[in-house]
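Architecture and fold: a report
For reference, the chains in residue letters:
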Amino acid sequence: MTMVRILLTATLCGILSLDAYAQEGTPIDLAQTEDLFTQPLKPNPLLEDPERIAIRVNGEEIKQGDIIERVEMALERFGDQIPPDQLEKAEEQLFQQAKNSIINERLILAEIKTEGIEISDERIDEEIAKIKSSLPEDTTLEALLEADGLSQADLRADLSNELATQSLFDLQLASLKEIDEEEAKAFYTENNAQFQRPESVTASHILYKVSSADEALKASTREELATLREQIITGELTFAAAAEAHSSCPSSANGGSLGTFQRGQMVPEFEQAAFMQEVDEIGDIVETQFGYHIIQVSEKLAAGLVPYLDVEAQIKEFLMQQKQQKSITLYIQRLRENASIEELTL
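These remarks concern the structure in this document. Computed from a predicted structure; not experimentally measured.

1. Points about the sheet that holds strand S2 (residues 60-63)
- An order of S2-S1-S9 is seen for the three strands of this open sheet, with the pairing classed as antiparallel. Strands with a single pairing partner mark the edges of an open sheet, and in this sheet they are S2 and strand S9 (341-343). Strand-to-strand, the axes of this sheet are offset by a mean angle of 20°, without reference to chain direction.
- Pairing between strand S1 (residues 53-57) and S2: four bridges, direction antiparallel. Its bridge partner being in S2, Ile-55 is matched across the sheet by Ile-62.
- Here helix H4 (residues 87-115) sits on the sheet in contact with S1, S2 and S9, set at roughly 35° to S1.

Structure representation (structure tokens):
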């Protein structure tokens with residue numbers, strides 16, 4: 001599937017926010033498969049007449065083919081991850097999910113009309129610009145649309161529906177109260193295990209690669225690095241400048257920075273040196289399979305509980321997302337309860 005189709009699949013298969021907020025179907029659990037002989041064999045819905053009317057939602061007809069198309073798009077995205085012996089069960093569950101997604105979509109679109117929500121051409125243009133800016137330099141949106149058999153009009157219609165849906169959801173969420181400190185602290189206290197951090201260090205290094213087993217060459221390389229280390233210690237060079245000019249590691253472009261890492265992420269010799277080293281110290285030369293290194297540690301964090309203030313914003317954001325999801329789910333459930341949904345069987 002091309003990138004445009006990946007970007008737009010949520011819209012084409014049902015409104016983008018809809019699947020995130022209120023997927024009515026049961027998630028596929030490929031680990032749970034039934035014995036084929038425990039129940040009578042059911043006809044495969046993907047093989048039924050695509051022109052047959054499968055559902056009526058408030059009098060609006062939905063064809064079997066509309067549902068099948070969405071199942072096929074889902075299978076195109078991740079069908080290769082489904083074991084062959086579980087494909088039939090997966091198709092059945094995907095069919096139910098697609099059917100419910102379409103029902104939800106039709107109900108949402110009806111509500112958009114009722115609320116009089118309209119999306120301007122300028123807003124759609126902004127979204128298209130965002131999509132274009134996210135594509136690789138050698139890829140154009142026009143080429144991807146053509147490869148998927150989509151037109152600019154298709155794209156604009158899909159984006160209009162998506163943006164209108166989000167506007168409708170925003171109306172439903174407008175009255176929600178923000179997460180207060182009491183709620184956030186309660187979550188932090190009840191879920192302390194989720195906020196434990198392992199020991200870590202933030203460090204930079206300078207690497208001199210040694211590609212020869214020649215002991216004399218290795219000795220001279222080590223001596224060169226030792227001279228550079230002294231220049232850093234005496235202040236003739238900063239560590240970052242020395243790394244940019246002399247290090248053989250790609251991290252040289254960032255002044256030798258390796259970022260923050262935990263135990264088990266570096267080769268043993270390097271890890272031991274980094275975790276034993278004091279902050280801001282220019283460490284002794286360390287030999288690993290990659291060559292000779294000198295290390296500078298800029299920060300060390302002991303294992304323990306992350307302070308509440310460090311995660312307060314993330315907790316509040318997480319809890320607000322949960323509250324929004326619940327609100328939208330209940331909203332769509334009410335729409336379904338008040339709608340006329342007729343499933344037509346053969």
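More follows now that the structure is in view.
2. Focus on the pairing of strand S4 (residues 200-209)
- When you tally the buried positions in S4, you get nine out of ten residues, the bulk of the element.
- As defined by bridge partners, S4 adjoins strand S5 (residues 257-262) across four bridges and the pair is classed as antiparallel. Paired with Ser-200 across the two strands is Gln-262, which belongs to S5.
- Of the pairings in the sheet, the one linking S4 to strand S7 (residues 291-301) comprises ten bridges and is antiparallel in character.

3. A few points about the pattern of salt bridges
- Tallied over the entire structure, the rule returns 17 salt bridges.
- Put simply, Asp-125 and Arg-156 hold a salt bridge, and the shortest N to O gap is 2.9 Å. A residue pair is termed long-range when its members are at least 10 positions apart, and Asp-125 in helix H5 (residues 121-134) and Arg-156 in helix H7 (residues 152-173) qualify at 31 residues.
- For Arg-156, a relative accessible area of 24% translates into the label partly exposed.
- Between Glu-230 and Arg-229 there is a salt bridge, with its nearest N and O atoms 3.8 Å apart.
- When its relative accessible area of 42% is taken as the criterion, Glu-230 is described as partly exposed.

4. Thoughts on the side chain of Lys-218
- Structurally, Lys-218 is set in helix H9 (residues 215-233).
- In this structure Lys-218 comes out as buried when scored by relative accessible area, which is 16%.
- Once residues lying within four places of it in the same chain are set aside, the contact partners of Lys-218 are Val-210, Ser-212, Ala-213, Glu-287 and Tyr-292.

5. A short note on the packing of aromatic side chains
- Inspection of every chain in the model, using the stated rule, returns six aromatic pairs.
- On the basis of an interplanar angle of 45° and a centroid distance of 5.6 Å, the ring pair of Phe-187 and Phe-318 is categorised as tilted. Pair noted here: Phe-187 is in helix H8 (residues 181-190) and Phe-318 is in helix H12 (residues 308-337), with a separation of 131 residues, a long-range link.
- A residue is classified by how much of its surface remains accessible, and Phe-187, at 16% relative accessible area, is buried.
- For the ring pair Tyr-188 and Phe-195, a centre distance of 5.3 Å and an interplane angle of 35° mean the geometry is tilted. Judged on exposure class, the residue Tyr-188 and its partner Phe-195 are both buried.
- Through pairs of rings, three or more aromatic residues link up here, namely Phe-187, Tyr-188, Phe-195, Tyr-308 and Phe-318.
- Its end group placed over the ring of Phe-275, Arg-263 keeps NZ or CZ at 4.2 Å from the ring centre.

6. Section: the packing of H8 against H12
- Running from amino to carboxyl end, H8 crosses H12 at an angle of 105°, the nearest separation of the two axes being 9 Å. In terms of orientation, H8 lies roughly perpendicular with respect to H12. Residue-level contacts link Glu-181, Glu-183, Ala-184, Lys-185, Phe-187 and Tyr-188 of H8 to Tyr-308, Val-311, Glu-312, Ile-315, Lys-316, Phe-318, Leu-319 and Lys-323 of H12.
- Looking at the contact of H8 with H12, its residues break down into eight nonpolar, no polar and six charged.

Thresholds applied
Residues numbered from 1 in each chain as written. Predicted model: local features only at pLDDT ≥ 70, side-chain atom pairs only at ≥ 80, totals over all residues. Heavy atoms only, no water. Pairing = 2+ DSSP bridges. Helix = DSSP H or I, 4+ residues; strand = E, 2+ residues; numbered from the N terminus. Axes fitted to C-alpha atoms, helices over the stretch in contact; angles between N-to-C directions. Contact = heavy atoms within 4.5 Å. Buried < 20%, exposed > 50% of the residue type's maximum accessible area, 1.4 Å probe, protein only. Salt bridge = Lys/Arg side-chain N within 4 Å of Asp/Glu carboxyl O. Phe/Tyr/Trp six-rings, centres within 6.5 Å; stacked < 30°, edge-to-face > 60°. Lys NZ or Arg CZ within 6 Å of the ring centre and 35° of its normal. Parallel < 35°, antiparallel > 145°, perpendicular 65-115°, else oblique. Nonpolar A, V, L, I, M, F, W, Y, C, P; charged D, E, K, R; others polar.

Scope: geometric values only; no functional claims are made or implied.
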